[in-house]
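# Report on the structure
If you want the building blocks of each chain, they are given just below.
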Amino acid sequence: MAKYHWQSQNVKQSGVDDMVLLSKITEDAIVDNLKKRYMDDYIFTYIGPVLISVNPFKQMPYFTDREIELYQGAAQYENPPHIYALTDNMYRNMMIDGENQCVIISGESGAGKTVAAKYIMGYISKVSGGGSKVQHVKEIILQSNPLLEAFGNAKTVRNNNSSRFGKYFEIQFSRGGEPDGGKISNFLLEKSRVVSQNENERNFHIYYQLIEGASAQQREALGIMTPDYYYYLNQSGTYKVDGTNDSKDFQETMEAMQVIGIPGDIQTQVLQIVAGILHLGNISFIEAGNYGQVESTDLLAFPAYLLGIDPNRLQDKLTSRKMDSKWGGKSESINVTLNQEQANYTRDALAKALYARLFDYLVESINKAIQKPYEEFSIGVLDIYGFEIFQRNGFEQFCINFVNEKLQQIFIELTLKAEQEEYVQEGIKWTPIEYFNNKIVCDLIENKLNPPGIMSVLDDVCATMHAKGEGADGTLLQKLQAAVGTHEHFNSWNSGFVIHHYAGKVSYDINGFCERNRDVLFPDLIELMQSSEFNFIRSLFPENLNTDKKGRPTTASSKIKKQANDLVNTLMKCTPHYIQCSPSRLDSYAILTAETWPCWRGPEQQGVLHLLRSVNMDNDQYQMGRTKVFVKNPESLFLLEEMRERKFDTFARIIQKAWRKFIARKKYEQMREEASDILYNSKERRKNSINRNFVGDYLGLEQRPELRQFLAKRERVDFADSVNKFDRRFKSIKRDLILTPKGIYLIGREKVKKGPEKGQIKEVLKRKMEFGGISSVSLSTRQDDFFILHEAQYDSLLESNFKTEFLSLLSKRYEEVTKRKLTISFGDRLEFRVKKEGWGGGGTRIVVFQKGPGDVAQLKPGGKTLSVTIGDGLPKSSSSLYRRTAALLLKHTLRSLSSAHQNGGAKFPRGPHNPQADITYSSPQKQGRPLQGGPPKLGSQRGPRPPAPNQYNQGNLDFLNVPDQGMSGKQRKMSIHQRPPPAPKPQPRPQGPRCRALYQYVGQDTDEISFEANDVLDLVKEDPSGWWTGRIGGKEGLFPGNYVEKI
Ligand SMILES: Nc1ncnc2c1ncn2[C@@H]1O[C@H](COP(=O)(O)OP(=O)(O)OP(=O)(O)O)[C@@H](O)[C@H]1O
Ligand SMILES: [Mg+2]
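Residues numbered from 1 in each chain as written. Chains lettered and ligands numbered in written order. Predicted model: local features only at pLDDT ≥ 70, side-chain atom pairs only at ≥ 80, totals over all residues. Heavy atoms only, no water.

The chain is annotated in an unreviewed UniProt entry as Osteoclast-stimulating factor 1 from Astatotilapia calliptera. Check the Sequence similarities (unreviewed entry) section of the UniProt entry for the chain; it says "Belongs to the TRAFAC class myosin-kinesin ATPase superfamily. Myosin family." The UniProt entry for the chain carries the following comment under Function (unreviewed entry): "Induces bone resorption, acting probably through a signaling cascade which results in the secretion of factor(s) enhancing osteoclast formation and activity." (UniProt positions renumbered as here; feature names shortened; annotations may be inferred.)

### Re the overall build of the chain
Looking only at helices and strands, the chain has 32 helices and 36 strands in total. Total accessible area computed for the chain in this model is approximately 51,300 Å², and 51% of it derives from carbon and sulfur atoms. (Helix = DSSP H or I, 4+ residues; strand = E, 2+ residues; numbered from the N terminus. Areas by Shrake-Rupley, 256 points an atom, 1.4 Å probe, with all protein chains shown as cover.)

### Some details on the pattern of salt bridges
Enumeration according to the criterion identifies 42 salt bridges in this entry. For Glu396, the salt bridge goes to Arg516, with nearest N and O atoms at 3.3 Å. Placement of the pair is Glu396 in helix α15 (residues 395–426) and Arg516 in helix α19 (residues 513–518), with a sequence separation of 120 residues. The exposure class assigned to Arg516 is partly exposed, which follows from its relative accessible area of 34%. Of the charged contacts in the structure, one is a salt bridge between Arg782 and Asp872, with a shortest N-O distance of 2.8 Å. Remark: Asp872 occurs in the loop between β31 (865–870) and α29 (882–900) and Arg782 occurs in the loop between β24 (774–779) and β25 (786–791); sequence separation between them is 90 residues. (Salt bridge = Lys/Arg side-chain N within 4 Å of Asp/Glu carboxyl O. Buried < 20%, exposed > 50% of the residue type's maximum accessible area, 1.4 Å probe, protein only.)

### Topic: the site of ligand 1
In the vicinity of ligand 1, 19 residues are found, and the nearest of them are Asn55, Ser109, Gly110, Lys113 and Ser162. Lys58 places a main-chain nitrogen or oxygen 3.5 Å from a nitrogen atom of ligand 1. In the environment of ligand 1, an oxygen atom lies 2.7 Å from a nitrogen or oxygen atom belonging to the backbone of Gly110. If ligand 1 stood free it would expose 630 Å²; the protein chains cover 85% of that surface. (Near = heavy atom within 4 Å. Polar contact = N/O pair within 3.5 Å; in protein donor to acceptor, adjacent residues only side chain to side chain.)

### Focus on the packing of helix α11 (residues 264–281) against helix α12 (residues 298–307)
Running from N to C, α11 and α12 point in directions that differ by 160 degrees, and their axes come no closer than 8 Å. By the criterion of interaxial angle, the relationship of α11 to α12 is roughly antiparallel. The interaxial crossing formed by α11 with α12 has left-handed handedness. Mapping the contact onto sequence places Gln272, Ile273, Ala275, Gly276, His279 and Leu280 in α11 and Phe302, Pro303, Tyr305, Leu306 and Leu307 in α12. Looking at the contact of α11 with α12, its residues break down into 8 nonpolar, 3 polar and no charged. (Axes fitted to C-alpha atoms, helices over the stretch in contact; angles between N-to-C directions. Parallel < 35°, antiparallel > 145°, perpendicular 65-115°, else oblique. Left-handed = near helix turned anticlockwise from the far one by under 90°. Contact = heavy atoms within 4.5 Å. Nonpolar A, V, L, I, M, F, W, Y, C, P; charged D, E, K, R; others polar.)

### Let's talk about the nonpolar core
Ranked by size, the top nonpolar core spans 106 residues in total, and within it Phe151, Tyr207, Leu210, Ile277, Leu314 and Tyr355 carry the most contacts. It is helix α14 (residues 340–370) that provides the largest number of residues to this core, a total of 13 residues. Beyond its immediate stretch of four places on either side in the chain, Leu314 contacts Leu280, Ile283, Leu300, Pro303, Ala304, Ile309, Leu350 and Leu528. Counting residues in hydrophobic clusters, the runner-up holds 46 residues, among them Cys102, Leu188, Ile384 and Phe387. (Core = buried A, V, L, I, M, F, W, Y, C linked by side-chain atoms within 4.5 Å.)

### Considering a nonpolar patch on the surface
A contiguous nonpolar patch, built from Met225, Tyr229 and Leu299 and spanning about 240 Å² of accessible area, is present on the exposed surface. A residue is classified by how much of its surface remains accessible, and Tyr229, at 34% relative accessible area, is partly exposed. (Patch = residues over 30% accessible without salt bridge, like charges linked within 9 Å, V, L, I, M, F, W, Y side chains within 5 Å.)

### A few points about the coordination of the magnesium ion (ligand 2)
Taken together, Thr114 (OG1) and Ser163 (OG) make up the protein donors of the magnesium ion (ligand 2), found 2.0 to 2.1 Å from the metal. Taken together, the residues Thr114 in helix α4 (residues 113–127) and Ser163 in strand β7 (residues 162–163) connect sequence positions 49 residues apart. You can call Thr114 buried: its relative accessible area is 13%. Ser163 sits in the buried class, given a relative accessible area of 11%. (Donors = N, O, S within 2.8 Å, 3.2 Å for Na, K, Ca; no water.)

### Details of the sheet that holds strand β30 (residues 858–862)
Taken in spatial order, the 4 strands of this open sheet run β28-β29-β31-β30, and their pairing is mixed. Pairing within the sheet leaves two strands with one partner each, and these edge strands are β28 (829–833) and β30. On average, each strand axis in the sheet is inclined to that of its neighbour by 20 degrees, with strand direction left out of account. Summarising the sheet, β30 and β31 pair through 5 bridges and their orientation is antiparallel. Across the sheet, residue Leu859 finds its bridge partner in β31, namely Val868. (Pairing = 2+ DSSP bridges.)

### Some thoughts on the UniProt feature "binding site: ATP" (unreviewed entry) in the chain
Here, the residues flagged by UniProt with the feature "binding site: ATP" (unreviewed entry) are Gly107, Glu108, Ser109, Gly110, Ala111, Gly112, Lys113 and Thr114. Mapped onto the elements, Gly112 comes out in the loop between β5 (101–105) and α4. By relative accessible area, which is 26% here, Gly112 ends up partly exposed. With respect to the secondary-structure elements, Lys113 resides in helix α4. In this structure Lys113 touches Ile105, Ser106, Gly107, Glu108, Asp383, Ile384, Tyr385 and Gly386, once residues within four positions along its chain are discounted.

### A closer look at the sheet that holds strand β9 (residues 179–187)
Across a sheet, paired strands are connected by hydrogen bonds in the backbone, their directions being either parallel or antiparallel. Pairing in this open sheet of 4 strands is mixed, and the strands run β5-β14-β8-β9 from one edge to the other. A single partner strand is all that each edge strand has here, and the edge strands are β5 and β9. Each strand of the sheet is rotated relative to its neighbour by a mean of 15 degrees, with strand direction disregarded. Bridge count for strand β8 (residues 166–173) against β9 is 8 bridges, and the pairing is antiparallel. Across the sheet, the residue bridging to Gln172 is Gly181, located in β9. The strands touched by helix α3 (residues 83–97) within the sheet are β5, β8 and β14 (377–383), with β5 carrying the most contacts at an inclination of about 155 degrees. Helix-sheet contacts for helix α5 (residues 132–152) involve β8 and β9, and the interaxial angle to β9 is about 20 degrees.

### Quick notes on the side chain of Thr555
Tracing the chain through its elements places Thr555 in the loop between α21 (535–539) and α22 (556–573). Of the residues examined, Thr555 reaches a relative accessible area of 8% and is grouped as buried. One polar contact links Thr555 to Asp459, side chain to side chain, over a distance of 2.8 Å.

### Description of unusual backbone geometry
Backbone geometry at Phe57 places phi at a positive 50 degrees, although glycine is not the residue there. On the accessibility criterion, Phe57 (68% relative accessible area) is exposed. For Asn290, which is not glycine, the phi dihedral falls at a positive 75 degrees. By the element assignment, Asn290 lies in the loop between β10 (285–288) and β11 (291–294). Residue Asn290 is classed as exposed on the basis of its relative accessible area, which comes to 60%.

### Quick word on the packing of helix α10 (residues 246–260) against α11
In contact at an axis separation of 10 Å, α10 and α11 are set at 135 degrees when each is read in the N-to-C sense. Between α10 and α11, the angle falls in the class oblique. Every pair of crossing elements has a handedness; the one defined by α10 and α11 is right-handed. Here α10 contributes Phe250, Met254, Met257 and Gln258 to the contact with α11, which in turn contributes Gln267, Val270 and Leu271. Broken down by class, the residue content of the contact of α10 with α11 amounts to 5 nonpolar, 2 polar and no charged.

As C-alpha cells, this is what we get:
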C-alpha cells in the first residue's frame, strides 16, 4: 500500500526520502532505494546533506511554477526531495547568515549536471525580485546558457549535449537578495574537438547551427557549404542529432549574443571566425621532398579573407617557422621549413587557438555585461565535467580527473576529516569510519617538490624539449618513473602510466602529453593574427611578442593547477551544505524549550541535557564531549533539526503574519479609495460599504485547510467570503467565494455518496473561473449587494456584503492578467445565463431592481424573473467617507485638546466647541454608533488627512481659529446670533430647517458643499454619522454637522 508523505497532500512516499534513514547503509540498499524511487518517477533523494539526482531522460511534471511556490520558504521536511529545496535552502542561508553559498554538481557525462544547473538558475531567477536592471541581469544569466552551450557543448557518444568545458557560475546578489551581478569562470575547454572528433561525435554545436541556420546572405559571405565539405566536420561522419534543431538553436545563439550586448559588427566577426576555422581546416599539405607544401593554394584565399590576413603570409606561416639559433654566442633568427605533419599540426594549432580565444571572449563578454563593482553575496554553481575513463585516456582526461580529484578533496576536508578530527579533540569514543583520503593522489599529481609531482616533471621536460618535441613523451615517461615510480598510487606501463584515482585506476597514454601541455602558440602564428585587418581578431591576440618571450611559457597543466586551486579556495570560502554537529548548532536548538530560550540560566551542559530530554532522545544516542555534544544517529539529529525547523516555521509565520497585516492594511486603505471609484456615479451605496476597512479574507483561510486544499500551496488569497449564490429558480445557497491571483473559486459542500467517508459533508470545488474567461460583471444601480459574473459558458448571480471590495480586487487582478479593463455595467434589469444541465438547462433569467421600503433587499421570484426591491441608498456620487471622517476627527481631537488645556490656559488656538452639538450629539465615536466600520484612529498607520490640506500647506491655520469655549465663546456665539442673516438668495427657499455656519468649511470631495462662517444653509438631512446634507447656493451636498448651528 502506498504511504503518503506525512505533511504534503497526496504525495506518495516511495522508498526513503533520505538514505541516512536506511536501516543499513550499504551500496545495495542505496541502489535499491534509488531504483525503487526511480521506478515511481522520483528522481531526487537525499543522502544527508547531499542531493542525489537520477537522470529520468524525460520531462518530469514537477518543475512547474507550482513547485517553485511549494518549495519557496518551506522547511526541508515539508516536501519531497527536490533541487528546488536545495536551492531555496542555499538562497535562504545566504540571506539569513549573510554567507556565500556554493553547490558542487558532480557526476559522469550525461548524468544531468547541466540540466540541474539550469534548474538552479531558473529557480533563483523566479523567486528573487528586482527592478528592470535586475531583470536584465537575470536575462543575461539565463541567456548565457544557450550561448555557452553553442560554443562549448557537443554531441558525444554519451550525451547529445555534452559540456566540453567546466564552468563555475557565481550569481551575485544585493543585500536585498536580488541577483544584480555574476561571474563565470571557465575551465578546460576541450579544444582538440575543433580539429578532430571520434566516431559518432560532433564538433561544437555552433558549426552545425551556422550551417543550418545561416541566411542566404550569410551563406554567401561566409562560404557556407554542406557539413561534409569541411574536413573539421567530416571526420566522424555525424552531422545530425536526434531531437536537436540546429537552425532554431542558431537563432537562439544569435539572440543570446544580442541580449548579452555583443555589438552587431562583432557578432558578424564571431561568425567569420567560426567559418574561417572551417575553411582553414580544408587547407591540406603534401610532402614535397621532405617539406610540407599546400596542396591547393586556391583554398588559401577564403580563410585568409575571412580572417582578414594575407593569403601568402598564411601559406608561409603554415609551412615554415622562425627559430632562434645560436651561433658562437650570437643569436639569430632563421626560417625553418616544416614537413607535412608539422604543417598539419601548425594549421590545427591556429584553428584551436582561434576557437579557444573566441570562447574566452564570449565568457568575458558575459562577465562584462553582469559584473558588479563590488561583491556582496553570491551563490556559486559548479558544473564541471566529471571523472572520465575511456579506452584511451590522454592529456585531457588527465587534467579533468585531476580537477575531480581536487573536488573530492574539498568534500573530504569538509565532511569526514573535519568530523573525525573533532571526535579526537573532544575525547569522544567512536569507531573510525574507513575512508580514503585522496590528498595523496592530489600530491602525486601537483606536488612541486619532494618528490616532484607528475605535473612538475611534465613541465620540466617541456621546458627543455625541442621545438618539434620528438621523443619528449618517452623522456617524460622515464623521468616520471625515476621521480614517482615507487609511489603507491602510480605505475608505469610501456606506453604510459597508471594513476590510482579515488574513483578507480586510470591508465594514461603518454603520447601527446608534452605537446599538449606545452600548448604554445608559436610566435609566428600570433604575429600572423596580429596582422589581421580586423580589430576584433587582433584583440584576441594581445601578446607583446617582444617582452613575452622571456621566461618559461605557461603550460596547460600549470594553468589547470592554478585554476583548480583557485576554485578550491573560492569553494572553501562558501558555505557548503553538509550537516555538522557544532556548538552553534545546539545554540540554535535553544528555541525548542521555554527554559532554554532566549538563554539557559545554568551550567551549559545541563542546558544541553535539558534540550535532548525535551525531544525524548535516548541516553545511548548521544555522548557529551568536552565542549560539545555528539549525536550518534542522524535520525536523532533530524529529530532536533525537525523540531527546530518547525519552531522556526511557527515563528516565521508569526512575523510574516504581522508584516502581511501591516502591508495589507496599507494596501486596503488605498483599495478602499479605488473601490469607490468603481461604483462612483453608477450605483447607490450602502453607508457601510465605502467606509469600511477592507479585510480581504473574511473566511480566515489560514486556519481552513478544507478550503485551502483547492488552492496551490502558497497561492495568495486576495479575497474570501461566504456569499449567496442563486440558482435557476432563484433559490439561494451558500458558497465560499475565493479570489486569488489565479482566478475565482466557488466552493460548496456536498454529502459524500460512497466510500469510507459516505454520509459526511465535504467541501467541493463547484466552479473555478480564470480571469481570461470572465467577460464582464453587472450590478444594479441601487444599494443592494447583488452582482453577476458573466463568463463564457454561463453566469453566476451572487450576493455579497463585500461586493465593492471584491470588485475592486477582481478588476485589479483581471487587468494584471488579461491586460484589459474589466467591464462593469450597471442597470436595473439584469440578465444572466444559467448552466445547461441535462434536458432542462440553459436559457436566461432576469433580475429586476425596484425601489421599495427599507435597506434590506426583498426578493420575489416569479418564473424566470426575480424582482428585488430595496430603499434608496447613499447617492451614487458617494465616495469614501474617509477624508470626511478625518476632518471630523481632527476637529474632535482639537476640541478635546482645548478642553484639556483649559485650566492651564493654553495659548494656542482652540478647537471648536459647539455647546449645542455637545447636547444634541456627542462625537460620533461616543455615540455608540460606529462611524461605519470604525473611523481610522489618530496615530493609526495612516494619519487622517487634514481637512483642508491646501490651507495647511500654505501655512494658513485659519481653520484652527475657532472660538474658545467659556465666556468668550458664549459672547462670540451671541454676537453671531445678533448678526443679520445673509441676504436671501434669489431662488425660492425651500421650507424646512436651516442652520448657520460657525466656521468656514471647504468641501473635500465632489459630493460635499463648501461655505464660509456665518453662511446660512438649508438643512436637508441630519445623519447620525455626523455628516449632514445641506443646500447652499443651489448646490446640495454633505458637510460636517458640527460646523454649523441650527437656527
Ligand atoms: N532532470 C532532467 N529531466 C529530464 N531530462 C534530463 C534531466 N536531466 C538530464 N536530462 C537529459 O539528459 C541529457 C544530459 O544531461 P546533461 O547535459 O545535464 O548532462 P551532464 O551531466 O551535464 O553531462 P556532461 O558531463 O556530458 O556535460 C539532457 O540533455 C536531457 O536530455
Ligand atoms: Mg553538462
